[in-house]
Amino acid sequence: MGMLVNGEWTTKWYEPDKEGHFVRNDTRFRDRVTADGSSGFPAAAGRYHLYVSLACPWAHRTLIMRARKGLEKAISLSIVDPFMGDDGWSFSEFPGSISDSVNDARFLREIYQKADPEYTGRVTVPVLWDRETETIVNNESREILRMLDVAFDAFAEHPEVHDVWPEMEAEIDATITALYKPINNGVYRAGFAVSQRAYDEAAGELFRALDGWDAVLGRQRYLTGNRISEADWCFFTTLLRFDAVYYVHFKCNWKRIADYPNLSNYLRDLYQQPGVAGTVNLEHIKQHYYRSHPMINPHRIVPLGPQLDFAAPHDRDRFGS
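Residues numbered from 1 in each chain as written. Predicted model: local features only at pLDDT ≥ 70, side-chain atom pairs only at ≥ 80, totals over all residues. Heavy atoms only, no water.

**Re the nonpolar core**
With 98 residues, the main nonpolar core has Val33, Leu210, Phe235 and Phe236 as its most contacted residues. The greatest single-element share of this core, amounting to eleven residues, is contributed by helix H7 (residues 230-249). Excluding anything up to four places from it in sequence, Phe235 contacts Leu179, Ile183, Asn184, Leu210, Trp213, Leu217, Leu223, Leu263 and Tyr266. (Core = buried A, V, L, I, M, F, W, Y, C linked by side-chain atoms within 4.5 Å. Buried < 20%, exposed > 50% of the residue type's maximum accessible area, 1.4 Å probe, protein only. Helix = DSSP H or I, 4+ residues; strand = E, 2+ residues; numbered from the N terminus. Contact = heavy atoms within 4.5 Å.)

What follows is the structure in structure tokens.
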């Protein structure tokens, strides 16, 4: 993975805590784009550029919102190579990748260095870049997701799509927060644990949470009711990768998502929403995880399977919409 320290690139991996738990660093760029420009970053067509990985679940949620809102013409895109080696994320000609047309960077770290020559921290995706001020606006996926959902309506082909709405905003935010530790980050806490105790704790929390949400989805179509919310997309990108990657690579093998009747049908329901399938690239996902973590998979062998059919019929219509 590597990181920048005072603007200089190092190959330093994450430091576990004293009990062997994986500890994720906080994101640092936290400015906002607003419709009225009060933040200093006004929404505009052609001004902002999104850097993502098709493999990364955090970046994937922003791609989904960009597609659902119809912001492809308003917000341009670069997609990194799925392999993340000692140089971190890079731009290449790997099928499905898109080079950096804005800054002509070879490595994503160059974008962080341009925004802050003294930056210390991880070089992560997604990144929302402002062409006008030549800086990173934000690199926190949850906040970029919200900006794309609410700030760019004037430039969206589908401004009627909103996955957060005022009367449910607090509940949606609380649900996203509830998903984060045990599930979204929980698979990483299990996969990158360096002690049995840390792994057992993370895996236990993960499957208790999955059991709980499977029960919730036995009563209603989506996480916060019978309408899709941002929380569903935050859940979806983890569920999508689970059976192909996390079950094996991160040792999250108590159950597959396919073994959960409600989660598996819910996953297919979300995948089949307009625009979503086009954001999914299982080749990038598998290439990234199985090749980029030699401490887990030292020979970097990418498995053949599993066979997954997200386009298969689902039963979620029983709840209506």
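**Topic: the packing of helix H1 (residues 57-69) against helix H3 (residues 141-150)**
Relative orientation of the contacting elements H1 and H3 amounts to 0 degrees, with a least axis distance of 9 Å. Comparing the axis directions of H1 and H3 gives the class roughly parallel. Across the interface between the two elements, Trp58, Arg61, Thr62, Met65, Arg66 and Lys69 of H1 pack against Ser141, Arg142, Ile144, Leu145, Leu148 and Asp149 of H3. Tallied by class, residues from the contact of H1 with H3 come to five nonpolar, two polar and five charged. (Axes fitted to C-alpha atoms, helices over the stretch in contact; angles between N-to-C directions. Parallel < 35°, antiparallel > 145°, perpendicular 65-115°, else oblique. Nonpolar A, V, L, I, M, F, W, Y, C, P; charged D, E, K, R; others polar.)

**A short note on the packing of aromatic side chains**
As enumerated under the stated definition, the model contains 25 aromatic pairs in all. Consider the rings of Trp58 and Tyr180, whose centres lie 5.9 Å apart with planes at 50 degrees: the pair is tilted. With a gap of 122 residues between them, Trp58 in helix H1 and Tyr180 in helix H4 (residues 169-184) connect regions that are remote in the sequence. Taken together, the aromatic side chains of Trp13, Tyr14, Phe22, Trp58, Tyr180, Tyr188, Phe192, Phe207, Phe242, Tyr246, Phe250 and Tyr289 make up a single cluster linked through ring pairs. The side chain of Arg122 reaches across the aromatic face of Tyr14, ending 4.1 Å from its centre. For the cation-ring pair, Arg227 lies above Trp165, with the distance from its terminal atom to the ring centre recorded as 3.7 Å. (Phe/Tyr/Trp six-rings, centres within 6.5 Å; stacked < 30°, edge-to-face > 60°. Lys NZ or Arg CZ within 6 Å of the ring centre and 35° of its normal.)

**Some remarks on the state of the cysteines**
Within this structure, the stated rule accounts for zero disulfides. Free of any disulfide, Cys56 has its nearest cysteine sulfur in Cys234, 12 Å distant. For Cys56, a relative accessible area of 9% puts it in the buried group. The closest cysteine sulfur to the non-disulfide-bonded Cys252 is located on Cys56, 16 Å from its own sulfur. (Disulfide = S-S within 2.5 Å.)

**Side note on the pattern of salt bridges**
This structure, assessed with the given rule, holds 22 salt bridges. Across the pair Arg146 and Glu169 runs a salt bridge whose closest N-O atoms are separated by 3.1 Å. Residue Arg146 is located in helix H3, and its partner Glu169 is located in helix H4; the two are separated by 23 residues in the primary sequence. Assessed through its relative accessible area of 12%, Arg146 is described here as buried. A salt bridge links Arg146 to Asp173, with the nearest nitrogen and oxygen atoms 2.6 Å apart. Taken together, the residues span a long stretch of sequence, with Arg146 in helix H3 and Asp173 in helix H4 at a distance of 27 residues. Here Asp173 falls in the partly exposed class, since its relative accessible area comes to 22%. Because the salt bridges share partners, they merge into one network encompassing Arg146, Glu169, Asp173 and Glu230. (Salt bridge = Lys/Arg side-chain N within 4 Å of Asp/Glu carboxyl O.)

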